[in-house]
Amino acid sequence: MSLLELRDLAVRHGDTALVDVADISVKSGQALTIVGESGSGKSLLAHAVMGTITTGLAVEGTMSLDGVHYDLADRANRKHHWGRELALLPQEPALALDPTMRVRDQVAEGAPGFRSRRKAALRRAEDTLGRLNLGHAARAWPHTLSGGMAQRVAYAAATIGGARVLIVDEPTKGLDRDSLDQLADLLTEHVATGGLLITITHDLHLARKLGGELLVMRDAIIVERGPADRVLTTPEHDYTRRLVAAEPSRWQYEWLASPLADATADPAAEPLVAAEKLAKSYGDTELFRDISLEIRPGERWALAGPSGVGKTTLGNLLLRLGAPDEGTVRHHNAVAGGRLQKLYQDPALSFPARVRLTDAMRDIVRRHGVPPGRVESLMATLGLPESLLHRLPGQVSGGELQRLAIVRAMLLEPALVFADEATSRLDLLTQERTMDCLMSELTRTGCALLLVTHDRELATAVADHHLRLDQAVHPVAVP
Amino acid sequence: MSGTQRQLVAAVLLRRAGQAVGVALVVSVLCFAVVRQLPGDAAYRIAAGRYGDDLVDADSAAAVRAELGLDRSAWQQLGDWLVDLLRLDFGRSLVTSRPVVAEVGYYLLGTLQLTAVALGLAIVIGGLAGVLAARCPGGWLDHMTTAWVALVRALPPFLLGLLLILVLSVHLGLLPAVGHGSSSSLVLPALTLAVGLSGLIARVTRDTVVEITRSEHVRFARTKGLTERLVLARHALRNAGVVLVPYLGVQAAILIEGVVVVESLFAWQGLGHALVHAVFWRDVPVLQATALVLALLVVAINTVVDLAVLGLDPRPRKREVLA
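Counting restarts for each chain: residues are numbered from 1 in the order of the written sequence. Chains and ligands are labelled by the order in which they are written, letters from A for the one and numbers from 1 for the other. Reporting of local features is limited, given that this is a predicted model, to residues whose pLDDT is at least 70; pairs of side-chain atoms are given and counted only at 80 or more, and all residues count toward the totals for whole chains, interfaces and linings. Just so you know, side-chain values use all the structure's heavy atoms and leave hydrogens and water out.

What should I look at first to understand helix H1 (residues 42-50) of chain A in this one?
All names here are of chain A. When accessible area is computed with a 1.4 Å probe and restricted to protein chains, residues below 20% of their type maximum are described as buried, those above 50% as exposed, and intermediate ones as partly exposed. Segments assigned H or I by DSSP are reported as helices when at least four residues long, segments assigned E as strands when at least two residues long, and all are numbered from the N terminus. Across the 9 residues of H1, 7 count as buried, placing the element largely inside the fold. Within the span of H1, buried status applies to Lys-42, Ser-43, Leu-45, Ala-46, Ala-48, Val-49 and Met-50. Just downstream of H1, Gly-51 is the residue with a positive phi angle, here 90°.

See below:
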C-alpha cells in the first residue's frame, strides 16, 4: 500500500504565509480532496508538492513517498518523477493542450518509452483514448473538442505514464454537470485501482462524489478535516457551514425565484425582446431551430443546457450581437441606447487589460452622461472599496472584477441584463456574493434578466422562466 | 493531407492567384502613368542612354521617338503593353535592345541570391540570440540582445555597410569591397542586410519563445515527463513558427523591395539596381517588368507564408466558428 505524507508544508511570500499546513497524508484507495475559496492557498499547496510553484515563493517542508523523503524547498528533486510517479491534471484543459498537435500525439508523448518505441506509444494512446470513449477524437485537433472532452484528453495525457500520485487542480471551471460526473468517475477509478489522488476544487458536488478524506482550507490553514460525507453534511467549523450553504440550492434570499407567479412581470406589458422562429447553424451542425420567446420587463429567464449546445449563441442573437440564419429578433425602444447590457464569463477579458479601472469607468460615465457619484454609490452598494479603481484589471480578484462589471452594466440603468455564465468560473462563496449583488440591483431597478448557465441549480434558484437547450435540436420550454 | 486541408490549400492558391492578376494590372498601369509624369522628354533620355550624353541631339531623339512609337497616344502605348503582357511578351529594353525577360531575369537572380543569404544569416544570428536570451529573461544575454537591437536599428544600412567594408575589406582584407558574380562578393552586402535584420528577429524570437515556454500547454508537457529537448522540439518550435513565419515573410518582402541602397553601395546587380537605372534612362519596358516582378514576388512570399501557417496551425481563422 502506497502512502504519501506531507510534513510542515509552508509557502511564503516575504513574511506572509500563503500555505501553512502541519501534516497531510494520502493513502492509496482513499481520495483526498481540498476545498476552499479562491486565494485560500489550496492550488499553491498542489504546486508545492508537484514542484511547479513559481520561483518567487519560498517553500518549506518535506514530502515522503513510500518512505523516500524529499525536501520540498528543492523544486527539482521530483522532476524525474513527473509523468511516471507524479502527475498533474492542470486547470483549463483547453489551454493545456497544444493547439498545433493532434490529440493522439499529445497523449502518446507521455507514455513510457515514447522516444524509442513511437509506434507502440501511439497504439497505447489510442487504447487509452478508446477506454475514455474518445476513440473517434484520436486524430482531432484540440480546438474541435468540447470542454468535457478536452478535460478527458488531458486526463489521458497526464496518466498514460502510469503515475501513482495524481494531483488534480481545479478541474471544474466551466464544466457542465455531465462532464463533471464523467471526470469524477475517472478519478474514482484511479483511486480504486490503487492510485493516490489529491484533488483541489471549489466544487462541493465533485468533493461529495469523490468521498474519502476532505480538508477545508481558508487563509493558508486547514480549518476542518474529516470524512467527506461527514464534513459536508454536518460541518463543525463556521467557515465550512458557510461554504456548504453557498450552494445555490441552499440559498436564502428575498430575490430568489418563487414557485408562485412573479410579482414584477406584467403579462400585458410589451416585450423588451421578441424573438420569432430563430434558427442557427455553424457549418453542418444545426444548433437550434424554431425558437420563439418574448422577454417582458422585469422577467427573469434562464437558458440552461450542457456546454456546446448554443446557449451563448442564442443569447447573443437575442441581444442582436449576431444574426440568426432564420427568424427575427425585435427590440422595444426601452432597450435602445445601451439599456441592454451583457456580463461576460471571464471578467478579465471584458475590461481593457492595460487601462486603469478608473479610466475605463470614466469613459462610460462621459459617453453616456451618467450623473457624477453614481459609480461610487453603486460600488458602495456592492461592497467594493473605491481604492480598487486605481488598479489594473489584472490586479483585482475575479469575484471583485465581476462585481465591477455589474457596476459598469448598472451605470446605464439597463432594462435587460444578459449574464453569460457570469459566475461559472467563480468559487461558491464568491458566486453567492456576486449573484446577490446582481439580483439585488436587478430587483431594485426592476430590470429583466437573461441568464445563460449550465448549472441547473443556479437556474432554478434565480429564474422564473426556463428554456432548456439539449443535444436534441428542439428546445424544451418550461413555463 | 485530409480533404478539408486540401480545400484550404486550394482556397489560398486561388485567392493569391486572383491577387497576382490584380496586382499585375494595377502595377503596370501605375508604372506607366508615373513614367509619363516624369519631367523631360523621354526620347532625349533614351537617346542619351543609348549613345551617351554628348552625342544626343534633336535628330537622334527624333529617330528614337519614331522607332519606338513614342509619339503615339498614351492609351495606344498602354494598350500595346497590356496586350503584350497577356501574351507574356515583355519586349526589348529601349536602351540595350536585349529582351526584357533576359535582362530582368539576370537582376532577379541577383536579388534572390542576396535576399536568401541575408535572410538565412539573419535567422541564424537573430534566432540563436533570441532563443538563448529567452532561456533567462532579464539575464545578461537578454540585455545584450536589447542593446544589439537598439544599436543595429539606429545604424542606417549605408553606414553599417561602410563600417563593414572598412573592417573586413580594408583592414583585414578578407573580402572584396564591391562587385558582382563571385560568392565572396555576396558576403558583404548580405552581412550588412542580415546584421540590420538580426536584431529585430532576435527580439521577436525572444518574446515569442518566452511567451510559449510560459504557456499552459508547455508547462503541461513538462509535467507529463517530457525532457526539455522534447518540449522544445515538439511544442515550443512549432508554436513559435506560427508567430515567426508571418513575421519573416514581412521581412523577406522588405528585403526584396528595399535593398536599393545596399545594392548601390556594393554595386550588386539586383532588381533595385535595375529599377533605379530604368527610371533614369526612361527604359519603360524594363521599368514595368521590374516593378511587376517585385509585386509578384510579394504575392509569392505571402502565398508561401499562408501555406506554411496553414501547415503549422490547424486552428480556423474565421471568427464564425469560434462563436
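Text resumes after the structure shown.
Help me understand unusual backbone geometry, please; the structure alone is not making it clear to me.
For residues that are not glycine, phi is negative in most cases, and the peptide bond is trans in most cases. All names here are of chain A. If you check the backbone angles, Glu-170 has positive phi at about 45° while not being a glycine. Mapped onto the fold, Glu-170 is located in the loop between strand E7 (165-169) and helix H6 (177-192). The class of Glu-170 is buried, set by a relative accessible area of 6%. Located in the positive-phi region is Lys-277, a residue other than glycine, with phi close to 50°.

Help me understand the sheet that holds strand E14 (residues 326-331) of chain A, please; the structure alone is not making it clear to me.
Whenever strands of a sheet pair, they do so through backbone hydrogen bonds, lying parallel or antiparallel. Residues and elements named next belong to chain A. What the 3 strands build is an open sheet, ordered E12-E11-E14; its pairing is antiparallel. At either end of the open sheet lies a strand with only one pairing partner, and these are strand E12 (285-295) and E14. Between one strand axis and the next, the sheet turns by 20° as a mean value, whatever way the strands run. A pair of strands is treated as paired once DSSP finds two or more bridges between them. Bridge count between strand E11 (residues 273-282) and E12: 7 bridges; the pairing is antiparallel. Directly across from Ala-275, in E12, lies its bridge partner Leu-293. What makes two residues a contact is simply this: any of their non-hydrogen atoms within 4.5 Å. Interaxial angle, 0 to 180 degrees, is taken between N-to-C directions of lines fitted to C-alpha atoms, where a helix line uses only the stretch in contact. Docked against the sheet, helix H10 (residues 311-318) engages E11, E12 and E14, running at close to 135° with respect to E11.

How should the interface of chain B and chain A be read in this particular structure?
When the parts of a complex come together, some accessible area is lost, and that lost area is often taken as the interface size. Taken together, the contacts link 24 residues of chain B with 32 residues of chain A. Buried area adds together the accessible area that both of two parts lose upon being put together, with accessible area traced by a 1.4 Å probe. Buried surface at the junction of chain B and chain A, summed over both partners, amounts to about 2400 Å²; 58% is from carbon and sulfur atoms. Salt bridges, as used here, are contacts in which a Lys or Arg side-chain nitrogen is within 4 Å of a carboxyl oxygen on Asp or Glu. Linking chain B with chain A are 2 salt bridges. We note a salt bridge from Glu-109 of chain A to Arg-234 of chain B, for which the minimum N-O separation is 2.6 Å. Between N or O atoms, a polar contact is any pair within 3.5 Å; within protein, one atom must be a potential hydrogen donor and the other a potential acceptor, and residues adjacent in sequence are included only when both atoms are from side chains. Across the chain B-chain A interface, the total number found is 10 residue pairs in polar contact (both at pLDDT 80 or more). Mapped onto the side of chain B that touches chain A, the elements with two or more residues apiece are helix H9 (216-223) and helix H10 (228-257) of chain B. Residue polarity is assigned by list, with Asp, Glu, Lys and Arg as charged and Ala, Val, Leu, Ile, Met, Phe, Trp, Tyr, Cys and Pro as nonpolar; anything else, Gly included, falls into the polar class. Along the lines of polarity and charge, the residues of the side of chain B that touches chain A split into 9 nonpolar, 6 polar and 9 charged.

Even after reading the chapter, I still don't get the sheet that holds strand E9 (residues 213-218) of chain A, so can you show me in this structure?
All names here are of chain A. Taking strand neighbours across the sheet as the criterion, the 6 strands line up as E6-E7-E8-E3-E9-E10 in an open arrangement whose pairing is mixed. Each of the sheet's edge strands pairs with one partner strand only, and the pair in question is strand E6 (86-89) and strand E10 (221-227). Pairwise comparison of adjacent strand axes, ignoring direction, gives a mean angle of 15° for this sheet. Pairing geometry for E6 and E7, over 4 bridges, is parallel. Within E7, the residue paired with Leu-88 across the bridge is Ile-167. Set on the sheet, helix H9 (residues 238-245) makes contact with strand E3 (32-35), E9 and E10; between it and E9 the angle comes to about 100°.

How do you make sense of the domain arrangement of chain B when you look at a structure like this?
Residue and element names in this part refer to chain B. Domain ranges listed in this record stem from an automatic or a database domain assignment. On domain assignment, one finds that chain B holds domain 1 (3-86) and domain 2 (100-314). A C-alpha centroid distance of 30 Å is found between domain 1 and domain 2. Across the contact, 25 residues belong to domain 1 and 19 residues belong to domain 2. Note on domain 1 versus domain 2: buried area summed over both sides is about 2000 Å², and carbon and sulfur give 73% of it. At the boundary of domain 1 and domain 2, one finds 2 salt bridges. The residue Asp-306 makes a salt bridge to Arg-15 at a minimum N-O spacing of 3.3 Å.

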